[in-house]
Structure formats: C-alpha cells, structure tokens
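Chain and residue survey
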Amino acid sequence: MSSAVPALHPQPFADWGLGLHRPLLIAGPCSAESETQMLTTARGLAARGQAQVFRAGLWKPRTRPGTFEGSGDAGLEWLRTVKESTGLLTLTEVATAQHVEACLKAGVDMLWIGARTTPNPFSVQEIADALRGVDIPVFVKNPINPDLQLWIGALERLQRAGLKRYAAIHRGFSWFERTPFRNSPMWEFPIRLKAAFPELEIVGDPSHIAGSRDKVGLVAQQALDLGLSGLMIEVHTDPAKARSDAEQQLTPADYAALVESLIFRQALPTPSMHDRLEELRDLIDQLDEEISQKMGARMDIAARIGDHKREHNVAILQPERWERIMRRQLRLGGHLGLSDAFVREFMDAVHRESIRRQTSTDAPLAAPAGSPQSTAEGLDR
Ligand code: PEP
Ligand code: MN
C-alpha cells in the first residue's frame, strides 16, 4: 500500500504515558560536552521548573570536519545522571541503528531524528528497523531541504515499524538566499503538515531557526501563535563556551525568563469567540476568492501577451519591465504595511506562473474581449 497521502495515527503527548502535556517544553544543550556541563545545565533548568524534557546531542552531525563531533557513548551515562538527579526525561539525536541500540541499552527516554538524517530514506529506514518492536517515543525533525514529502515519509516509516508515540519538530530549512534567520522557517510547512495530519503533534525548534539568542523569543512566539504543541530550545550553562551552536544557546535563567514572557494560546477557539471568528473568516474567504479570480485573469492576459510576443518574435523575458513592476509593487506594499520580503516572494511566484503561461503552448485561451479580464491593461508579466 503506497498511497500518495499515508494515514498517520500518532498518539498525542497526553497518551504517551510519561506525564507529558501541551505545551511540551524541551530544553538542554546543543551538545553533551561533559558531565559537569550537563548536570549544571539540567539543575539550572529543573530549579526553575520550566522544562519537562532535557535534550542533548551525543553524536553531532557537523557541517565541517575537524569541529567538535560530540562526546558519543560517554554522554549516555551523563544523561542517566541528569535523569536521576533532576527527574527530567532525557532525549537525544540518533542517526544510525548503533545509536538507537546504545540509547535503548542506556535507558534514554526519547529519541529524535535530525534534519540531516530525515532526508535520507536509507538512514530513516535503518532507524525504523532498529525500532521495530520497541516502544520508545521518537521526534522527527523536518528535512534540511524544504520537502514536505520527505518529512511525511520519515514519519510514515516510523509508523510502519509499529511506533505510535511519534511527533514532528519544525527547525526551519536551509535556503540559498539570505534571510534574517539561520534557517528559513517557511511556516507553510508545519501548517500543511498539521492540516494533513491533525493528530500529529509538532514541536517548534526556534533555536535552530533563529541561529542567534536575540531572535529565539520572537520565533518561539510565532510557533506558539500558529498552534504548535511545544518548544525545543537550546540551553547551556555557559553559552559563550559552548562547543557547538554557541550563538543561539540561552542560559537556564534566560530560558526561564523567556518562557515566562511567552503567550501560550489555547489550541482551539472558545465557543464565545465563535461568531466573531466566523465573521472574520468569511471575510478572509471572500478576499482569497477575489485574489484567485484576479490571478486567473492576470494569467489569461499574460498568455495573450505571450502569443503577441511570439507572433512578433520578441523574447518572453523582459527584465526591465519586470523590475519596474517589482519597484511599483514594493512601493505600494510599503504603504499597505506589507513587508518587502513578502512582496518579493509573492511577485516572484506571480512572475514564474506568468512566464509558465507565456511559454506553454497549451495555455487556456485568453478571455473574450469586453470581459472584466480584458480591461486590466498593462499587467503583462
Ligand atoms: C540539534 O538539535 O542540535 C541539531 C543538530 O539540529 P538539526 O538536526 O535541526 O540541525
Ligand atoms: Mn544545535
């Protein structure tokens, strides 16, 4: 059975039998560096009571060789000590079957599959096979590249191995353009995943999206505003000395202050909000419909312009014309409170579709003369 949309039926945190609840708060260092670093960080977290789970990477997938690649198996013992002395549940990253086996033997409570492992079906399958018949919760980070199917596929491999206690982690995506963040959040990915699988819990990882301490709070609040089920935040007893991801880790005190400052919203609207919400949603639906209709009209005109250019043997791509449109839209967007980044992304998508319509031979016929579409002069590309 390999349908395009698999049925995922994960259990919610509340049914994992570990006393977990939403919002699930996971905190701890990027890497396990030493017993002292682990214990001091964990005690700092436990004392402030703002985390349910302690995370630490033992085997670190580093971009460049020659950097700290984690303490490996030695850290398993430190995780046990953390659990014994603080009562926090423990969570670490696995990338191979050996990692899984070592963690199961050492009694680690939960595992996560990292963003560099999720995109490799061989690795995910190897992990899923090692987990067959084993009942341990597993989190799956989004793949490093923006591919929803790979993320879903990894979750599906776990489900097929018989797991019920699994969830997703949204940590953003590598992106070729400069963004204000280390990894582009592309919020449409967790939104689409949640829409496809409403039972699936998704935890936000604002640390790896933000890439710097000062932006972690902003991204964390966005994740909560979108209704994600919890947060995983990197916390180190002495961030400046961290051997990986030093710029983005918080001290336990800063982490606790950040959690205090966040607004945790209810997952579902209350009955009294219903009417107002319905009214506003109707307005949004109406506007979305208008946008689609206008886009359809715009693309029909683009197709006619494509025909015209072809008849006169003129190149489809006219960069100066496009630059003028973009400048005008950026100016207009600025007046309307739209960010430059949004206007650019939106107009680029419009442009791509427009070029597709101008170059495709099976483009639908242009609107008949006199129809509303045919009056929108000048919107050529
Ligand atoms: C991590 O959580 O420290 C980590 C390596 O994350 P990612 O796989 O998201 O890069
Ligand atoms: Mn990290």
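Owing to the predicted nature of the structure, the values given are computational and were not obtained by experimental measurement.

Cut-off values and rules
Residues numbered from 1 in each chain as written. Chains lettered and ligands numbered in written order. Predicted model: local features only at pLDDT ≥ 70, side-chain atom pairs only at ≥ 80, totals over all residues. Heavy atoms only, no water. Near = heavy atom within 4 Å. Polar contact = N/O pair within 3.5 Å; in protein donor to acceptor, adjacent residues only side chain to side chain. Areas by Shrake-Rupley, 256 points an atom, 1.4 Å probe, with all protein chains shown as cover. Nonpolar A, V, L, I, M, F, W, Y, C, P; charged D, E, K, R; others polar. Core = buried A, V, L, I, M, F, W, Y, C linked by side-chain atoms within 4.5 Å. Buried < 20%, exposed > 50% of the residue type's maximum accessible area, 1.4 Å probe, protein only. Helix = DSSP H or I, 4+ residues; strand = E, 2+ residues; numbered from the N terminus. Donors = N, O, S within 2.8 Å, 3.2 Å for Na, K, Ca; no water. Pairing = 2+ DSSP bridges. Right-handed = clockwise from strand over helix to strand, strands pointing away. Expected span 1.5 Å × (residues − 1). Contact = heavy atoms within 4.5 Å.

1. Re the site of ligand 1
With respect to spatial proximity, the complete set of residues near ligand 1 consists of C30, R55, K60, E93, W112, G114, A115, R116, K141, R171, H208 and E234. A115 is positioned with one of its backbone polar atoms (N or O) 2.8 Å from an oxygen atom of ligand 1. Between ligand 1 and R116, the relevant distance is 2.7 Å, taken from an oxygen atom to a side-chain nitrogen or oxygen of the residue. In isolation ligand 1 exposes 300 Å². Once the protein is present, 97% of that is buried. Considered class by class, the residues forming the shell around ligand 1 number three nonpolar, two polar and seven charged.

2. Notes on the nonpolar core
Among the nonpolar cores identified, the biggest contains 69 residues, and F54, L111, L131, L158, L193 and Y255 are the most heavily contacted of them. The element best represented in this core is helix 5 (residues 148–160), accounting for six residues. L20, W112, A167 and V203 belong to the second-largest nonpolar core, a separate cluster that totals 15 residues.

3. Quick look at the coordination of the manganese ion (ligand 2)
Only C30 (SG), H208 (NE2), E234 (OE) and D245 (OD) from the protein reach the manganese ion (ligand 2) as donors, at distances of 2.0 to 2.4 Å. Every donor residue of the manganese ion (ligand 2) comes from the same chain, spaced as C-x177-H-x25-E-x10-D. Placement of C30 in the loop between strand 1 (24–28) and helix 1 (35–48) and of D245 in the loop between strand 8 (230–234) and helix 9 (252–261) is noted, with a sequence separation of 215 residues between them. Here C30 matches D245 in class, with each residue buried.

4. Focus on the pairing of strand 1
For strand 1, the tally of buried residues reaches five of five residues, placing the bulk of the element in the interior. Burial along strand 1 is two-sided: L24, I26 and G28 and L25 and A27, pointing in opposite directions, are all buried. Across five bridges, the pairing between strand 1 and strand 8 is parallel. Residue pairing for strand 8: L25 is matched across the bridge by L231. Taken together, the two bridges between strand 1 and strand 2 (residues 53–55) define a ladder with parallel strand orientation. Paired with I26 across the strands is V53, a residue of strand 2. At this point the chain moves from strand 1, through helix 1, to the parallel strand 2, and the crossover so formed is right-handed.

5. Describing helix 2 (residues 74–86)
An α-helix turns once every 3.6 residues. As a result, residues three or four positions apart point the same way. In this model helix 2 runs 19 Å from its N-terminal to its C-terminal C-alpha over 13 residues, within 8% of the 18 Å that 1.5 Å per residue would give. The set of residues buried in helix 2 consists of G75, L76, W78, L79, T81 and V82. Where helix 2 is buried, its residues contact helix 1, strand 2, strand 3 (89–94) and helix 3 (97–106). Trailing helix 2 by a residue or two, G87 shows a phi angle of about 80 degrees, which is positive.

6. So, unusual backbone geometry
For the bond running from R22 to P23, omega is -10 degrees, close enough to zero to count as cis. You can see P23 is positioned in the segment before strand 1. Even without being a glycine, M186 presents a positive backbone phi close to 40 degrees. Within the secondary structure, M186 is located in the loop between strand 6 (166–170) and helix 6 (188–196). A positive phi angle is found at N313, which is not glycine, with a value near 60 degrees. Note on placement: N313 falls in the loop between helix 10 (274–311) and helix 11 (319–335).

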